[in-house]
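What follows is the residue order along each chain.
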Amino acid sequence: MIKRELNYEGPSPLLYLLATPIGNMSEISPRTKAIIEESEYIACEDTRNSGLLLSRLGFSKKLISCHEHNEEAASSQIVSLLKQGKKVAYMSDAGYPAISDPGSRLVANCLNNGIKVSTVSGPNAALNALAGSGLDSTHFYFHGFLSSKPSERDQELQEIQSRKETVIFYESPHRIGKTLAALYGALGERPAVIARELTKAHEEFIRGNLKEFLALDVSTLKGEMVIVVEGKKEEKAIDEKAIINQLKAYLDSGIRSKEAIKKTAETLSINKNQVYSLYLSAFKNNQ
């Protein structure tokens, strides 16, 4: 049976999820500050980080630790407080709770106990990076962090390989080198963007392709990062004869075979391996 009750009307308790700044402190909204002011308890991913944020905003609140390792137990405490009529809000360290951060189990526990949930808008690293990437944003797939275990990570990438949507990953500095190598190995020379230190003083968008990223000095890739990668493009169905004719034209002009294969692929916007295969059958094997 469907139960309908407006979030800001009716007798059911309400948990607020607060999106917090991902870098620039001035991005916290007046509404977020208003919700904090009226809340009796602030549940948070890290009491030290959230305590510092609240102090900078001029608030002193009772804090409840609710992170990845204690979320089940902490959510029971939060549910109990809300049922007692207490006003509670939850924030993660940066961005939205439950988006590559704790919070989803808390939300599920609240909903299962008849407690409504409302999200207060704020900054989001994935959307900031996508909007500024210049890649197609019509459709996108947010993956977040890849597994730290190579076998699981490679399985994830294998499943992502065929997605046509722009793909968004999160990554940290100590893993970025291995992740970029894995992305290139699975996805090839796709256009991509690394967005780092978003909204901070050293914000940077690095644009290129996954192969080019392998040449980056990883010691310069500091801060939390978002990697935005172009989705899989449909390969054009081009007549083999047209490919061979284009390839022959480049070869006849004196261009070396390797460069002719590359230029043919670029000219016809097709996979270089397809051109190479035809080169072997039409030219190399007949020499």
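The present account deals with the structure reproduced in this document. On a predicted model such as this, the values are computed, not experimentally measured, just so you know. (Residues numbered from 1 in each chain as written. Predicted model: local features only at pLDDT ≥ 70, side-chain atom pairs only at ≥ 80, totals over all residues. Heavy atoms only, no water.)

## Brief notes about a positive patch on the surface
Definition in use: Residues enter patches when they are more than 30% accessible in relative terms and free of salt bridges; like-charged ones are connected within 9 Å and nonpolar ones (Val, Leu, Ile, Met, Phe, Trp, Tyr) within 5 Å. Only the protein chains shown count as cover for residues, and all accessible areas are computed by the Shrake-Rupley method using a 1.4 Å probe. In what follows, salt bridge is the name for a side-chain nitrogen of Lys or Arg lying within 4 Å of a carboxyl oxygen of Asp or Glu. Here the positive residues are Lys and Arg and the negative ones are Asp and Glu; neither His nor the chain ends is included. Where a charge sits is defined by one atom per residue type, namely NZ (Lys), CZ (Arg), CG (Asp) or CD (Glu). Burial classes: relative accessible area under 20% of the type maximum marks a residue as buried, over 50% as exposed, and values in between as partly exposed (1.4 Å probe, protein chains only).
A cluster of basic residues, Lys-211, Arg-256, Lys-258, Lys-262 and Lys-272, forms a positive patch at the surface. We classify Lys-272 as partly exposed; its relative accessible area is 41%.

## A few points about the pattern of salt bridges
Going through the model one piece at a time under the given rule, you end up with 11 salt bridges. One salt bridge in this structure joins Lys-149 and Glu-152, with 4.0 Å as the shortest N-O distance. One salt bridge connects Glu-204 with Arg-196, and the closest N-O pair in it is separated by 2.7 Å. When its relative accessible area of 30% is taken as the criterion, Glu-204 is described as partly exposed. Arg-196 sits in the buried class, given a relative accessible area of 10%. The network of salt bridges with common partners includes Lys-3, Glu-5 and Lys-116.

## With respect to the sheet that holds strand β9 (residues 204-209)
Here is the rule we go by: For two strands to be treated as a pair, DSSP must find at least two bridges joining them. Here a strand is any run of E in DSSP of at least two residues, a helix any run of H or I of at least four, and the numbering for each starts at the N terminus. Angles shown run from 0 to 180 degrees and are taken between the N-to-C directions of axes, each axis being a line fitted to C-alpha atoms and, for helices, limited to the stretch in contact. Pairs of residues are marked as contacts when any of their non-hydrogen atoms sit within 4.5 Å.
The mixed open sheet is built from 5 strands, whose spatial order is β6-β7-β10-β8-β9. Of all strands in the sheet, those bounded by a partner on one side alone are β6 (140-145) and β9. With direction set aside, neighbouring strand axes in the sheet form an average angle of 15 degrees. Note: strand β8 (residues 191-196) against strand β10 (residues 225-229), 5 bridges, orientation antiparallel. Considered in β10, the bridge of Arg-196 is made with Met-225. In the packing of helix α6 (residues 150-160) onto the sheet, the strands contacted are β6 and β7 (166-171), and the crossing angle to β6 comes to about 175 degrees. With respect to the sheet, helix α7 (residues 176-187) is in contact with β7, β8 and β10, its orientation differing from that of β10 by roughly 10 degrees.

## Description of the packing of helix α9 (residues 240-252) against helix α10 (residues 257-268)
Selection rule: Note on angle classes: values under 35 degrees are labelled roughly parallel, values over 145 roughly antiparallel, values of 65 to 115 roughly perpendicular, and the remainder oblique. Each helix crossing is assigned a hand: it is left-handed if the near helix lies turned anticlockwise from the far helix by less than a right angle, otherwise right-handed if that turn is clockwise.
For the pair α9 and α10, the least separation of the axes is 9 Å and the interaxial angle reads 135 degrees. The angle between α9 and α10 falls in the class oblique. In terms of crossing hand, the pair formed by α9 and α10 is right-handed. Along the contact surface, α9 presents Ala-242, Ile-243, Gln-246, Leu-247, Tyr-250 and Leu-251, while α10 presents Ser-257, Ala-260, Ile-261, Lys-263, Thr-264, Thr-267 and Leu-268.

## Here we look at the sheet that holds strand β3 (residues 62-65)
With parallel pairing, 5 strands are arranged side by side in an open sheet as β3-β2-β4-β1-β5. Every interior strand has two partners, whereas the edge strands, β3 and β5 (116-120), have only one. Going across the sheet, the axis of each strand differs from the next one's by a mean of 25 degrees, ignoring polarity. The pairing of strand β1 (residues 14-18) with β5 spans 5 bridges and is classified as parallel. Across the sheet, the residue bridging to Leu-14 is Lys-116, located in β5.

## A closer look at the nonpolar core
The cut-off we apply is this: Residues enter a nonpolar core if they are buried and are Ala, Val, Leu, Ile, Met, Phe, Trp, Tyr or Cys, with the set joined through side-chain atoms within 4.5 Å.
By size, the foremost hydrophobic cluster in this structure holds 20 residues, and its most contacted members are Phe-169, Leu-180 and Leu-183. The set of elements that each furnish at least two residues to this core consists of α6, β7, α7, β8, α8 (210-213) and β10. Per-element tally for this core: the top contributor is α7, with 6 residues. Excluding residues within four positions of it along the chain, Leu-183 makes contact with Leu-146, Leu-157, Phe-169, Gly-188, Leu-210 and Ile-227. If you look at the next biggest cluster of nonpolar residues, it comprises 18 residues, including Leu-15, Ile-64, Cys-66 and Val-117.

## Here's the deal with the side chain of Thr-32
Considering the arrangement of structural elements, one finds Thr-32 in helix α1 (residues 30-38). Sequence-distant contacts of Thr-32, that is, excluding residues within four places in its chain, are made with Leu-18, Ala-19, Val-120 and Ser-121.

## Some thoughts on the packing of aromatic side chains
Basically, it comes down to this: Put simply, two rings from Phe, Tyr or Trp (the six-membered ring, in Trp's case) pair if the centres are within 6.5 Å, and we call them stacked under 30 degrees between planes, edge-to-face over 60, tilted for the rest. Both a distance and an angle decide whether a charge sits over a ring: NZ of Lys or CZ of Arg must be within 6 Å of the ring centre and within 35 degrees of the ring normal.
Scanning the model with the defined rule gives 2 aromatic pairs in all. Their ring planes at 70 degrees and their centres at 5.0 Å tell us that Phe-142 and Tyr-170 sit as a pair that is edge-to-face. One end of the pair, Phe-142, is in strand β6; the other, Tyr-170, is in strand β7, with 28 residues separating them in the sequence. Judged by its relative accessible area of 10%, Tyr-170 is buried. Where Phe-145 meets Tyr-170, the ring centres are 5.7 Å apart and the plane angle is 65 degrees; that geometry is what we call edge-to-face. Remark: Tyr-170 occurs in strand β7 and Phe-145 occurs in strand β6; sequence separation between them is 25 residues. Among the aromatic residues, those joined into a cluster by ring pairs are Phe-142, Phe-145 and Tyr-170. A cation sits over an aromatic face here: Arg-163 above Tyr-141, 4.0 Å from the ring centre.

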